[in-house]
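A structural walkthrough
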Amino acid sequence: MQINSTEVPFSEDLDINGSLKEFLLQQQIYRAAIKEIKTKLEILDEEFQARYDHNPIHHMEYRLKAPQSIAEKMQKKGLEITAENIRKNLTDIAGVRVICNYLNDINRIANLLLRQDDITLVRKNDYITGPKKNGYRSLHLIVLVPIFLAERTESVPVEIQIRTIAMDFWASLEHQLKYKGHSDMSEGLRERLKYCAESITRLDEEMQMIYEEITADDCEQQ
């Protein structure tokens with residue numbers, strides 16, 4: 001597992017550059033927040049394995065939003081690009097993606113994490129119960145995690161996306177098709193992608209049922 005961050009050239013606007021450079025000096029706080037969430041999730045996964053012989057988490061991915069993406073998002077919001085504005089208005093600078101094995105693992109992991117005393121839920125978007133129009137499914141959480149520094153404690157926002165292996169497969173390929181030169185996709189292709197998403201949902205449901213039947217049989221044999 002790695003923390004993925006991309007080096008992106010700064011804007012030619014010197015004022016923007018100065019603000020972003022000031023903000024980048026604080027990026028270690030966001031890296032620390034990723035490490036905190038990562039550690040919490042790893043502990044939960046290991047405990048579940050020890051107690052129930054099941055790992056709900058297949059793997060995790062991490063990223064820090066690139067400077068250019070930060071600048072573009074601030075400009076879209078019509079906000080002045082300052083370090084303070086970035087901290088106050090962007091909640092997805094630090095991101096963690098959790099890929100689960102089965103559907104039920106998604107809410108299981110989310111609930112266990114949110115029950116922890118030092119985690120504060122800011123926002124929850126359930127795109128599994130209510131998928132996006134294009135078929136996208138995932139559970140999105142924005143949480144605050146405390147980071148203890150030498151002279152102060154900061155509550156840092158982290159965006160957590162939780163989805164199954166199948167959901168992640170669809171989302172990754174849909175993103176490539178949409179943003180790597182096919183943004184003007186025809187309505188017919190969009191419908192086919194949505195149909196694929198619906199097929200993946202049925203697959204997830206079937207795999208969940210198969211898993212539950214197998215584990216029930218194992219319990220009866222013990």
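Residues numbered from 1 in each chain as written. Predicted model: local features only at pLDDT ≥ 70, side-chain atom pairs only at ≥ 80, totals over all residues. Heavy atoms only, no water.

Named according to an unreviewed UniProt entry, the protein is GTP pyrophosphokinase family protein originating from Acetobacterium malicum. In the Pathway (unreviewed entry) part of its UniProt record, the protein is described as follows: "Purine metabolism; ppGpp biosynthesis; ppGpp from GTP: step 1/2." (UniProt positions renumbered as here; feature names shortened; annotations may be inferred.)

The next subject is the nonpolar core. Ile37, Leu41, Val96, Val98, Val158, Ile160 and Ile162 are the most contacted members of the largest nonpolar core, which totals 39 residues. Put simply, the parts of the chain that give this core at least two residues each are α2 (27-52), β2 (57-64), α3 (67-76), β3 (94-100), α5 (103-114), β5 (139-148) and β6 (153-164). At eight residues, α2 tops the list of elements feeding residues into this core. Excluding residues that lie within four positions of it along the chain, valine 98 makes contacts with Leu41, Ile57, His59, Met60, Ile160, Gln161, Ile162 and Arg163. If you look at the next biggest cluster of nonpolar residues, it comprises eight residues, including Tyr136, Trp170, Leu193 and Ile200. (Core = buried A, V, L, I, M, F, W, Y, C linked by side-chain atoms within 4.5 Å. Buried < 20%, exposed > 50% of the residue type's maximum accessible area, 1.4 Å probe, protein only. Helix = DSSP H or I, 4+ residues; strand = E, 2+ residues; numbered from the N terminus. Contact = heavy atoms within 4.5 Å.)

Taken across its 12 residues, β6 has 10 buried, putting it largely inside the fold. By the bridge criterion, six bridges tie β3 to β6 in an arrangement that is parallel. Along β6, the bridge assignment pairs valine 98 with isoleucine 162. In the sheet, β5 pairs with β6 via 10 bridges, with the strands oriented antiparallel. (Pairing = 2+ DSSP bridges.)

This part is about the environment of aspartate 45. Positionally, aspartate 45 belongs in helix α2. Spatially, the C-alpha atom of aspartate 45 lies 6.2 Å from that of isoleucine 57, the residues being 12 residues apart in sequence. In this structure, aspartate 45 is in contact with His54, Asn55, Pro56 and Ile57, ignoring residues within four places of it in sequence. A polar contact of 3.0 Å, which involves the side chain of aspartate 45, links it to the backbone nitrogen of isoleucine 57. (Polar contact = N/O pair within 3.5 Å; in protein donor to acceptor, adjacent residues only side chain to side chain.)

With that settled, the discussion passes to the pattern of salt bridges. Summed over all chains, the structure comprises 12 salt bridges. A salt bridge links glutamate 42 to lysine 38; its shortest N-O distance comes to 3.1 Å. A residue pair is termed a helical-turn pair when its members lie 3 or 4 positions apart in one helix, as glutamate 42 and lysine 38 do in helix α2 at four residues. Residue aspartate 92 is joined to lysine 73 by a salt bridge in which the shortest nitrogen-to-oxygen separation is 2.6 Å. Here aspartate 92, found in the loop between α4 (83-89) and β3, pairs with lysine 73, found in helix α3; they are 19 residues apart in sequence, far enough to count as distant. Taking the relative accessible area as the measure of exposure, aspartate 92 reaches 10% and is therefore buried. Salt bridges sharing partners connect three or more residues here, namely Lys65, Lys73 and Asp92. (Salt bridge = Lys/Arg side-chain N within 4 Å of Asp/Glu carboxyl O.)

The next subject is the packing of aromatic side chains. Counted under the stated rule, the structure contains three aromatic pairs. The interplanar angle of 50° and the centroid separation of 4.6 Å between the aromatic rings of phenylalanine 48 and tyrosine 52 together place this pair among those described as tilted. One end of the pair is phenylalanine 48 and the other is tyrosine 52, both in helix α2 and four residues apart, which spans about a single turn. A cation sits over an aromatic face here: lysine 132 above tyrosine 127, 4.9 Å from the ring centre. Lying across the ring of tyrosine 136, lysine 132 places its NZ or CZ 5.1 Å from the centre. (Phe/Tyr/Trp six-rings, centres within 6.5 Å; stacked < 30°, edge-to-face > 60°. Lys NZ or Arg CZ within 6 Å of the ring centre and 35° of its normal.)

Spanning 26 residues, α2 covers 37 Å between terminal C-alpha atoms, matching the ideal 38 Å at 1.5 Å per step. When α2 is considered as a whole, its buried residues turn out to be Gln27, Ile29, Tyr30, Ala33, Ile34, Ile37, Lys40, Leu41, Leu44, Asp45 and Phe48. Aspartate 53 sits one or two residues past α2 and shows a positive phi near 55°. (Expected span 1.5 Å × (residues − 1).)

Before going further, it helps to spend a moment on helix α6 (residues 165-179). Between its first and last C-alpha, α6 extends 21 Å over 15 residues, near the 21 Å set by a 1.5 Å rise per residue. All buried positions along α6 are accounted for by Ala166, Met167, Asp168, Trp170, Ala171 and Glu174.

All right, on to the side chain of histidine 54 then. Along the chain, histidine 54 turns up in the loop between α2 and β2. Among the polar contacts made by the side chain of histidine 54, one reaches the side chain of tyrosine 211 at a distance of 3.4 Å. When sequence neighbours within four positions are dropped, the list of residues in contact with histidine 54 reads Asp45, Phe48, Gln49, Tyr102, Asp105 and Tyr211.

Relative to the helices and strands, lysine 65 is located in the loop between β2 and α3. Reaching out from lysine 65, the side chain makes a polar contact with the side chain of aspartate 92 at a distance of 3.5 Å.

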